[in-house]
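Residue-level structure breakdown
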Amino acid sequence: MSIAVTTPSVSEIQPQNMANAIRFLAIDAVEKANSGHPGMPMGMADVATVLFSKFLNFDPVAPHWPDRDRFVLSAGHGSMLLYALLYLTGYPDMSLEQIKGFRQWGSLTPGHPEYHHTKGVETTTGPLGQGLATAVGMALAERLENARHGDQLVDHFTYVISGDGCLMEGLSHEAISLAGHLRLAKLIVLFDDNSISIDGATSLSCSDDQLARFAASNWEVVRIDGHDPIAIETAIAAARKSDRPSLIACKTIIGFGAPTRAGTEKAHGAPLGAAEIAGARKALNWPHAPFEVPEPVLSAWRATGKRGRANHEGWVKRVLEAKAHVHFGAGQGAKAPLPASYDAAIAAIKAQFAASAPKIATRQASQLILDAIVPACPALIGGSADLTHSNLTHAKGQKAVVPGEFSGSYIHYGISEFGMAAAMNGIALHGGMIPYGGTFFAFSDYSRPAIRLAALMGVRVIHVMTHDSIGLGEDGPTHQPVEHLTAMRAIPNLNVFRPADAVETAEAWDCAMRAHDRPSILCLSRQALPTLRTGENEPNKTAQGAYVLIEPAAKRDVTLIATGSEVSLAVVAAHQLGEAGIHAAVVSAPCLEIFARQPAAYRNAVLGHAPRIGVEAGLEGAWPKWLGDNSAFIGMTGFGASAPAEVLYREFGITAEAVVNAARALIN
């Protein structure tokens, strides 16, 4: 497709050339890497130029300034758009050499934007739709913090560039529904409405009216020419005044300026090639060498980067003035220390459990823990995907967040596990808050992509997943997780806790609260479990991942290693073995990921050298790693069934008798 470019007026030369600087940095970087996606940056350069030069409140020398506007590139494949903007606006680490190193080992310009890796990247994007859904969490966090600290300290926008692919993903429905319901007016989505996907025209697979879809979810919607700076500026200015979230559908041409590939899927995901690039340079009147940005254009961009500095300095002054009157939590970030009141609360509830030795489900223990720690830690923001009374995630006195009223700390996410998990990522990334949310463990399948992204980013998000095994009983195999422990443990940088009793549940919560650099899953039982540890002032043994719960007086003949509800079963088996003269140790392993990070000497001391038996009401998965050669595993080999829990344990052979028989077979 040929692009006719008329000679611009004097007033338009600068914006067009600023946009062209983005286009050609993207074109040249993709060409040099022989890999990447030039089409989206070329198509959305005009929109990005207006956003950054006219509206976005940011300071490149203070990329973590808490009251900055957030910019999320949900269409993460177009990462060179963002990297070009970071370079042009003067982020100190983003040099021209980094641009030239696009997609290369060790560069700050990976194929898709990565949080923690590149300053100025607010969230890792690439899996389509997740950037948009994460941004909903950021916008929600801004309103939550604003309700606590006021406009003087918290008052910023969240902007998203989203493509057709993001809106095709089912996650987008969950995200826009939540944002529209809560009327998150400071969320503005700039839709790259180019009607192209990898296979070709979006009409091949989709005939949705996106504006009607967003409008139905209570969004402000408008369609504009995405290559008209005045129309772009007018639309963003209007969106900033809306009382609802806004979708601005920017009608653009993918690969804008490319002589034959513009407007086609051929501009999407491959280098343009020398001839096409030469044609684009001619069409867009950009006669400069690769990676060259003329000084007047670069100066204009650097001036844009300095525009927010005064706002930043004014904010710092206001924070200093307010410190005598208000504890400012926003933006302290994922590593904010927990208050002393939390330390006292978690210690007290753990001591209470040890003293009273309740026989309760670990989900019930979790609710009692929340009753204790939520008032003590205002940063905690809870919620559930429409399972509050099953997950027991609502603490006493916890106020719900409702449209227009954000002083509460409990979010009703609706039946939206993926959307909840992605929003929690956004809340954590925003800073100042610790999100937790509940669903059934079997439904972790829905939220797994967002959990994986949280692990990749290293953010503190706590997933409360109840009904953790066949022990949930009559609801049957659709709701009974059997493969889910294996699936979650396979995700790097994720702590998967399965506590055995109320004491371990308190310890697991404490570990999750202190895990600044990773998400956690608390796998909690529906059925009641006895308290196994009643000692006073014990250290947090769950923080070691696994520990010896019972050590026989004589040399071990066998070691029983169990998690969650099966630890008490292993204890019964150990006593029966002891009566038969077989010395059995019991190891409780509430978090195998933490245990794997312990020194080898500690791990060896816990596991011992005797034959080992693993006991867990799930698939075997990676258990052989911990059991060794002379071992057995007592657990599930397939799906569950609908029956009372005690019947299921008997029928599937997860019993003390089965453990005793396995031990005898290993020893004899």
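What counts and how
- What you see as residue numbers is a count from 1 along each chain, following the sequence as written.
- Thresholds applied to this predicted model are a pLDDT of at least 70 for local features of residues and 80 or more for the giving and counting of side-chain atom pairs; totals over whole chains, interfaces and linings are not thresholded and use all residues.
- No hydrogens and no water enter the side-chain calculation; it runs on all heavy atoms of the structure.
- Secondary structure elements are defined from DSSP: runs of H or I of at least 4 residues count as helices, runs of E of at least 2 residues count as strands, and each element is numbered from the N terminus.
- With a 1.4 Å probe rolled over the protein chains alone, any residue whose accessible area is under 20% of its type maximum counts as buried; one over 50% counts as exposed, and the rest are partly exposed.
- Contacts are assigned to residue pairs that have any heavy atoms within 4.5 Å of one another.
- To measure how exposed things are, a 1.4 Å probe is used in the Shrake-Rupley method; for residues, cover is taken only from the protein chains shown.
- Charged residues are defined narrowly, with Lys and Arg counted positive, Asp and Glu counted negative, and His plus the chain ends left uncounted.
- For the purpose of locating charges, the reference atoms are NZ of Lys, CZ of Arg, CG of Asp and CD of Glu.
- Axes, fitted as lines to C-alpha atoms, cover a helix only where it is in contact. Angles between the N-to-C directions of the axes lie from 0 to 180 degrees.
- Should an angle fall under 35 degrees it is called roughly parallel, over 145 degrees roughly antiparallel, and 65 to 115 degrees roughly perpendicular, with every other angle called oblique.
- Left-handed describes a crossing whose near helix is turned anticlockwise from the far helix by less than a right angle; the clockwise case is right-handed.
- When residue character is reported, Ala, Val, Leu, Ile, Met, Phe, Trp, Tyr, Cys and Pro are called nonpolar, Asp, Glu, Lys and Arg charged, and the others, Gly included, polar.
- Here the expected span of a helix is defined as 1.5 Å times the quantity of residues minus one.
- Here, the arc refers to the directions that run from the helix axis to the C-beta atoms.
- Here the term cavity refers to a set of points on a 1 Å grid, laid over the protein atoms alone, in which a 1.4 Å probe fits but cannot get out; the term pocket refers to an open set having protein on both sides within 12 Å along at least five of seven lines, with lining residues being those that place an atom within 4 Å of a point.
- Grid points are joined across faces, edges and corners, and a volume is the space filled by probe spheres set on the points.
- Stacked, tilted and edge-to-face are the three classes assigned to paired rings of Phe, Tyr and Trp, where Trp is represented by its six-membered ring and a pair needs centres within 6.5 Å; plane angles under 30 degrees give stacked, over 60 edge-to-face, the rest tilted.
- Two limits define a charge over a ring: the Lys NZ or Arg CZ must be within 6 Å of the ring centre, and within 35 degrees of the ring normal.

Quick notes on the overall build of the protein
A count of helices and strands for the protein gives 25 helices and 20 strands. Expressed as lengths along the three principal axes of its C-alpha atoms, the size of the protein is roughly 95 × 55 × 45 Å. Taken over 668 residues, the protein has a buried fraction of 61%. Pairs at least 24 apart in sequence give 78% of the contacts found in the protein among residues at least 6 apart. Of the roughly 24,800 Å² that the protein leaves accessible, carbon and sulfur atoms contribute 54%. Distance from the positive charge centre (53 side chains) to the negative charge centre (62 side chains) of the protein: 5 Å.

Notes on the packing of helix 2 (residues 39-55) against helix 3 (residues 79-88)
In the contact formed by helix 2 and helix 3, the axes pass within 9 Å of each other and the chain directions differ by 40°. Comparing the axis directions of helix 2 and helix 3 gives the class oblique. Classified by chirality, the crossing of helix 3 by helix 2 is right-handed. Two secondary-structure elements touch here, helix 2 through Met40, Pro41, Met44, Ala45, Ala48 and Phe52 and helix 3 through Met80, Leu81 and Leu85. Residues that form the contact of helix 2 with helix 3 fall into these classes: nine nonpolar, no polar and no charged.

Here we look at helix 12 (residues 309-322)
Residues lying three or four places apart along an α-helix face the same way, a consequence of the helix completing one turn every 3.6 residues. Spanning 14 residues, helix 12 covers 20 Å between terminal C-alpha atoms, matching the ideal 20 Å at 1.5 Å per step. Here helix 12 has its buried residues at His312, Trp315, Val319 and Ala322. For helix 12, the angular spread of the buried residues around the axis is 90°, confining them to a single face. For helix 12, the exposed residues lying more than 90 degrees away from the buried face are Ala310, Glu313, Lys317 and Leu320.

Describing empty space enclosed by the protein
All chains considered together, the criterion is met by four cavities of 30 Å³ or more. Empty space within the largest cavity amounts to approximately 120 Å³. In this structure, the largest cavity is lined by 16 residues; those nearest its centre are Leu56, Phe58, Tyr91, Gly120 and Glu122. Elements that contribute at least two residues to the lining of the largest cavity include exactly strand 1 (70-73) and helix 3. In terms of residue class, the lining of the largest cavity is built from 10 nonpolar, one polar and five charged.

Describing the packing of aromatic side chains
One pass over the structure, following the stated rule, counts 13 aromatic pairs. Relative to Phe58, the ring of Phe52 lies with its centre 5.4 Å away and its plane at 70°, an arrangement referred to as edge-to-face. Judged by relative accessible area, which is 3%, Phe52 ranks as buried. Since its relative accessible area comes to 3%, Phe58 is described here as buried. For the pair Phe443 and Tyr446, a centre-to-centre distance of 5.9 Å together with 55° between the ring planes defines the contact as tilted. Classification of Tyr446 by relative accessible area gives exposed; the value is 51%. One aromatic cluster in this structure is built from Phe52, Phe58, Phe71 and Tyr91. Stacked on the ring of Phe157, the Lys or Arg Lys186 has its end atom at 3.9 Å from the ring centre.

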